[in-house]
Every structure is written in C-alpha cells, then in structure tokens.
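# An overview of the molecular structure
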Amino acid sequence: MLPVSYYLIVSAIMFSIGIYGVMTLRSGIMIMMCVELMLNAANINLVAFSAHFNQVNGHVFVLFSIALAAAEAAIGFAILMNIFRSKSNVNIDNINILRW
C-alpha cells in the first residue's frame, strides 16, 4: 500500500487545479467541472485517511459526498441549460439575469 502522503499530494494537486479553474475560467460548464474536481480531491483525502486508520467512516462520508455531487451537477446543468435557452450563452461574464 502506498503511503498516505502520496494520496495527499495527488489530492492537493487536483484541488489546486480545481481552484485555479474556478478562479480563471468563464464558462459555466467548465466551472462546474472544476468544482467536481475539487469535490473528488476531498473524497480522495477522506478515503486515504479512512484506509490509513482502518475505519469505514471516511468511506461512508464519501458515498454521501458523491450523491451530493451528483445532485449538484444535475441541478447546476439544468440551470445552465435554462440560461442557455434564454441567453444563448453560458459565459459567466455575460449573464446578468439575477440583477434588477
């Protein structure tokens, strides 16, 4: 079995890529993909520590996190498709439907 530090390094790199994508990208779909990448990085941490300490708490929490991520993706993509229908664009800079 690999040391926990390897999993933490991979998770930190994935989380950093996700943060960079959320802060720099302007496409709504790409931002949601980066958020999913950050959630998966957190899941890797949970599974790594759960396996390291021989407990199942982390695995159970990862299952709930995956279900939450699936619901977030479904609702987020539905909102983006609705915005695309009305504005023909999912660029975050050009969307101002929440303003008065």
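None of the values given here were measured: they were computed from a predicted structure.

### Description of the overall build of the protein chain
A tally of helices and strands in the protein chain yields 3 helices and 0 strands. Listing each helix as α and each strand as β along the protein chain from the N terminus yields α-α-α. For a compact globule of 100 residues, the expected C-alpha radius of gyration is about 13 Å, and the protein chain comes in at 17 Å, more than 25% above that figure. Considered along the principal axes of its C-alpha atoms, the protein chain spans approximately 50 × 25 × 20 Å. Counting the 100 residues in the protein chain, one finds 24% classified as buried. In the protein chain, once contacts between residues fewer than 6 apart in sequence are set aside, the share between residues at least 24 apart is 54%. Accessible surface computed for the protein chain: about 7,100 Å², of which carbon and sulfur atoms make up 72%.

### Observations regarding a nonpolar patch on the surface
On the surface, Met1, Leu2, Tyr6, Tyr7, Ile9, Ile13 and Ile17 cluster together into a nonpolar patch covering about 760 Å² of accessible area. Note that tyrosine 7 resides in helix H1 (residues 4-24). In this structure tyrosine 7 comes out as partly exposed when scored by relative accessible area, which is 31%.

### Comments concerning the packing of helix H2 (residues 28-52) against helix H3 (residues 57-87)
In contact at an axis separation of 9 Å, H2 and H3 are set at 175 degrees when each is read in the N-to-C sense. By the angle class used here, H2 and H3 are roughly antiparallel. Of the residues belonging to the contact of H2 with H3, the class tally is 15 nonpolar, 8 polar and 2 charged.

### Focus: the packing of H1 against H2
For the pair H1 and H2, the least separation of the axes is 8 Å and the interaxial angle reads 165 degrees. Considering the angle they form, H1 stands roughly antiparallel to H2. Crossing handedness for the pair H1 and H2: left-handed. Taken together, the residues of the contact of H1 with H2 sort by class into 18 nonpolar, 6 polar and no charged.

### Examining the side chain of serine 11
Mapped onto the elements, serine 11 comes out in helix H1. Overall, the relative accessible area of 2% leaves serine 11 in the buried class. Beyond its immediate stretch of four places on either side in the chain, serine 11 contacts Ala41, Ala42, Ile44 and Asn45.

Scoring rules and cut-offs
Every chain's residues receive numbers from 1 upward, in the order its sequence appears when written. Local features are withheld for residues below a pLDDT of 70 in this predicted model, meaning they are given only at 70 or higher, and side-chain atom pairs are given and counted only at 80 or more; totals for whole chains, interfaces and linings count all residues. The side-chain numbers reported here are obtained from all heavy atoms of the structure, hydrogens and water having been left aside. Strands are runs of DSSP state E lasting at least two residues, helices are runs of H or I lasting at least four, and both sets are numbered from the N terminus onward. When we talk radius of gyration, it's over C-alpha atoms, and the globule rule is simply 2.2 Å times the number of residues to the 0.38. Only protein chains enter the accessibility calculation, which uses a 1.4 Å probe; a residue whose area is less than 20% of its type maximum is buried, one above 50% is exposed, and one in between is partly exposed. Contacts between residues were defined by any pair of non-hydrogen atoms, one from each residue, lying within 4.5 Å. We get accessible surface area from the Shrake-Rupley algorithm with a probe of 1.4 Å; when it comes to residues, only the shown protein chains can shield them. Each patch is built from residues that are more than 30% exposed by relative accessible area and take part in no salt bridge. Like charges join if they lie within 9 Å; nonpolar side chains (Val, Leu, Ile, Met, Phe, Trp, Tyr) join within 5 Å. Counted as salt bridges are all cases of a side-chain nitrogen of Lys or Arg within 4 Å of a carboxyl oxygen of Asp or Glu. In this description, a line fitted to the C-alpha atoms serves as the axis of each element, helices being fitted only across the stretch in contact, and the angle between N-to-C directions of two axes falls anywhere from 0 to 180 degrees. We call two directions roughly parallel when the angle between them is under 35 degrees, roughly antiparallel when it is over 145, roughly perpendicular when it lies between 65 and 115, and oblique otherwise. Charged means Asp, Glu, Lys or Arg here, nonpolar means Ala, Val, Leu, Ile, Met, Phe, Trp, Tyr, Cys or Pro, and polar covers whatever is left, Gly included. Note on convention: near helix rotated counterclockwise from far helix by under a right angle means a left-handed crossing. Clockwise means right-handed.

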